[in-house]
Amino acid sequence: MSADSAQTSAGTVPISWPEEGVTRVPYQLFSDPQIYAMEQERIFRGPVWHFLCLELEVANPGDYRTGFVGETPVIVTRNRTGDIHAMVNRCAHKGALVCHKERGNAKTLSCVYHSWTYDLEGRLMGLAFRDGLKGKGGMPKTFRTSDHRLQPIRTEVYAGIVFGTFHADTPGVETFFGPAMCRILQRNLSRPLKLLGFHSQMIHNNWKLYAENVRDSYHATLLHTFYTTFRINRLDMDGGIRIADAPQPWHHLSFARRANFEAAEEYTTAQVHSANYGSRLNGPELLETWEEFDDGITHAIQALFPTLTIQFTLNSLAVRWFTPRGVDRTELFWMYLGYADDEDDEQQMRVMQANLTGAAGLVSLEDGCINEFVQRGTRGSTPDDRAFMEMGGTTVESSEGSRATEVAIRGFWQGYREIMGLG
């Protein structure tokens, strides 16, 4: 056992990490408040690109969208000349939230507390009673509005997504995610998009457990009965795991081709419960599809470090991202999309297939509780207690032809350890 430690403004956080590396993960990472504080500093305010919103959400001059990077509240705006900006949603005066609505359109941004008013780039324009009243009070003569603004966030727009980072040294989006992952982003999101629906849910577990969940390519065939019963996503379909290019193999794509399916006897010999049902749908049109891409992929989960996932299941396209709300709470957001040039029947099919996923989805309903089971099960663990992850080997590399592997989870922890300075 080797002990690493990292210095943060919250103090020195000792983390014992097993010598086996990313095939062993200490359970204390899911419940230690000092580690959680360290993550806010090193990951969420560190050299990482984070999902802020979709470009279509701020399509018009004056549009704004609020959100979070870790626990930090943010605002994304499109100014009057059409440029996108992002800033911390925190007034430069007393630190109050400036924007309270989730989205809207405005000419300026004004804090309700003391009426400090900012332009759409976050620059302070003016404030109430700057010169006082009747010659008394007011700001000092040395006060300059140019010295006070909303903290800016560096942004890049790629494949219709607005990414943000607090760090000046974060490499460009294409470099950070790598060409293999960017090709998949372009595949799914390069066409003009249309928002079909949006919702969120609160899940009672540490954010990293959901990060593991979307990278766990083989739990779906075991946990999600609907997937296996109706042959939407099974391990005996042609598919694999693609890991992002070096030097940052922290992102991945898990994919399957529904047309290429040969039932494997392991489903019977292993007595996989999800394969033991003979259910039929009263509405079989739910699973009707049309071929959109020439690669034959009908199920794809792309997970980009740390908290963004792009999902394409049958013809349902969704962006989901998750935000820590405390050491043992996470808010999970779902945004369902179509393409602007969809025919009416195509759009309706996407809306219908949206029932597969989400908080009450026919497929993903179980994910709302399974990570809480891990959170509860690992509570009270000792520093020596850790997860064992050698399914599919011990390395972090692409696994073409097999998804019975934990390679993508190992990739997440490799990135986590590097950014946190823990290995």
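Bear in mind that the values here come from a model prediction, so they are computed numbers and not experimental data.

Asker: Just to check I follow, could you spell out the sheet that holds strand 5 (residues 63-69) for this structure?
Answerer: In a beta sheet, neighbouring strands are held together by backbone hydrogen bonds and run either parallel or antiparallel to one another. The strand order 4-13-12-7-6-5-8 describes an open sheet built from seven strands, whose pairing is antiparallel. One side of each edge strand has no neighbouring strand; the edge strands of this open sheet are strand 4 (50-54) and strand 8 (103-105). Strand-to-strand twist of the sheet, defined as the mean angle between neighbouring strand axes without regard to direction, takes the value 30°. Bridging between strand 5 and strand 6 (residues 72-78) involves six bridges; their strand directions are antiparallel. Directly across from Val 69, in strand 6, lies its bridge partner Thr 72.

Asker: Hey, could you run me through the packing of aromatic side chains in this one?
Answerer: Describing an aromatic ring pair means giving the distance of the ring centres and the angle of the ring planes. This model, assessed by the stated rule, comprises 20 aromatic pairs. With a centroid separation of 6.1 Å and an interplanar angle of 80°, the aromatic rings of Trp 207 and Phe 412 are classed as edge-to-face. Here Trp 207, found in helix 4 (residues 207-213), pairs with Phe 412, found in helix 10 (residues 407-420); they are 205 residues apart in sequence, far enough to count as distant. Look at Trp 207 and you get buried, because its relative accessible area is 0%. An aromatic cluster of at least three residues, connected via ring pairs, comprises Trp 17, Phe 30, Phe 44, Phe 163, Phe 176, Phe 177, Trp 207, Trp 250, Phe 305, Phe 412, Trp 413 and Tyr 416. The ring centre of Phe 312 lies 5.7 Å from the NZ or CZ of Arg 187, which sits over that ring.

Asker: Honestly, the confidence of the model for the chain in this entry has me stumped. Any pointers?
Answerer: Close reading of the predicted structure is inappropriate where its pLDDT is low. Residues of the chain with pLDDT of at least 70 account for 89%, and the chain-wide mean is 89. Confidence over residues 1-6 falls short of pLDDT 50; this stretch has 30 contacts with residues more than four positions distant or in other chains.

Rules and cut-offs
- Residues numbered from 1 in each chain as written.
- Predicted model: local features only at pLDDT ≥ 70, side-chain atom pairs only at ≥ 80, totals over all residues.
- Heavy atoms only, no water.
- Pairing = 2+ DSSP bridges.
- Helix = DSSP H or I, 4+ residues; strand = E, 2+ residues; numbered from the N terminus.
- Axes fitted to C-alpha atoms, helices over the stretch in contact; angles between N-to-C directions.
- Phe/Tyr/Trp six-rings, centres within 6.5 Å; stacked < 30°, edge-to-face > 60°.
- Buried < 20%, exposed > 50% of the residue type's maximum accessible area, 1.4 Å probe, protein only.
- Lys NZ or Arg CZ within 6 Å of the ring centre and 35° of its normal.
- pLDDT = per-residue confidence, 0-100.
- Contact = heavy atoms within 4.5 Å.

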